[in-house]
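# Notes for the structure review
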Amino acid sequence: MIASDERRDALRRAADRIGRHRPPPTAPDGTRPLWDAAFFGLDRVACFGEADTETRQSVLADCAAGMLAESWHIERCGIDYCARMTLTAEDDDERRLFALIGADEARHAGWLAPWLAPGVPEPAPFNRFIAGLAETGTPQALAFLLQVVLEGFGITHYSALAAHCRDAGLADILQRLSQDEARHHAAGLAVFRPDRLTRGDRRFLADATQVFLEMIRCGPQAVVAALDKGIGLGDQSDVAATFSAVDAEGAGAVKLARLRRLMAQPGMAWLVDTLAAGGLFTPCPAPDCARIYTASR
């Protein structure tokens, strides 16, 4: 009974934190580019520095558009996830919690929409992957993967986007998203119960996290694609030099270490150990990132 009461209290505290905040609306101020070359590491790429101003602006616009579209799709996926979790909730406290988180996700998608490129952006492979997980996973597996891990990762991701964004209104929104991600992550910790994972859940998490980490390990593929589209990168050795210049390995190591810490929750050592044994917390070197990119070029 005590454990049940503690869980109920944790769910209610999480819901109360989410329900209290109501940020004001804002609109684009016309600042371009939204992030400068240094944010993407492009200031260290020779061919980018040698390009004319219009080309550099186009590459930066593509990088920003892809990043914002990815975030918008993630928030929209969160709406679907929360709808599922609301319907399958075990009690009124959990149902209220996920209804409130779902409202946040809908609000986030609406906040980001004014900064998207015209037209509905196509989901990137990462977005399709996450959407597929949200449709097929069980509540406990998804609470761990989407809230404890993905929303936990979003705290620092959105905070970094906000800190370097040149549009004041968008920077404010991104900082608010970071704060909400912290609340949603905390809610995931309240909901997730590792002792309730079935054998199928464990297999699902092992497979899903492996694919997820592989996507992080292979570096900023979208940034390199934007550079290739705008300027052209030549053969695989040129592409490898580009991944090296943007410090794909160093940046990847930071992200993977953060994900490892998020996954290292009580009762989840089996997962972290399995992934570590497979080298999945180690970033790919630049030549491997280049091979992955050129294979899908």
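Because the structure is predicted, anything quoted here is derived from the model rather than measured.

Helix length check: helix H6 (residues 125–136), at 12 residues, gives a terminal C-alpha distance of 17 Å against a target of 16 Å (1.5 Å per residue), a fit within 8%. Where H6 is concerned, the buried positions are Phe 126, Asn 127, Phe 129, Ile 130, Leu 133 and Ala 134. Projected onto a plane normal to the axis of H6, the buried residues spread over an arc of 160 degrees and lie on a single side. Of the exposed residues in H6, the ones pointing more than 90 degrees away from its buried face are Pro 125, Glu 135 and Thr 136. Looking at the buried side of H6, the elements it contacts are helix H4 (53–87), helix H7 (139–164) and helix H9 (199–217).

Quick look at the packing of H7 against helix H12 (residues 248–263) now. Angle between the axes and distance between the axes are the two parameters that describe a pair of packed helices. The contact between H7 and H12 brings their axes to 10 Å, and the two run at 140 degrees. Our classification of the angle between H7 and H12 gives oblique. Like other packed secondary-structure pairs, H7 and H12 cross with a definite hand, here right-handed. In this structure, H7 uses Phe 144, Val 148, Val 149, Gly 152, Phe 153, Ile 155 and Thr 156 to contact H12, whose residues at the interface are Lys 255, Arg 258, Leu 259, Leu 262 and Met 263. A breakdown of the residues in the contact of H7 with H12 according to their chemical character gives eight nonpolar, two polar and two charged.

What counts and how
- Residues numbered from 1 in each chain as written.
- Predicted model: local features only at pLDDT ≥ 70, side-chain atom pairs only at ≥ 80, totals over all residues.
- Heavy atoms only, no water.
- Helix = DSSP H or I, 4+ residues; strand = E, 2+ residues; numbered from the N terminus.
- Expected span 1.5 Å × (residues − 1).
- Buried < 20%, exposed > 50% of the residue type's maximum accessible area, 1.4 Å probe, protein only.
- Arc of directions from axis to C-beta.
- Contact = heavy atoms within 4.5 Å.
- Axes fitted to C-alpha atoms, helices over the stretch in contact; angles between N-to-C directions.
- Parallel < 35°, antiparallel > 145°, perpendicular 65-115°, else oblique.
- Left-handed = near helix turned anticlockwise from the far one by under 90°.
- Nonpolar A, V, L, I, M, F, W, Y, C, P; charged D, E, K, R; others polar.

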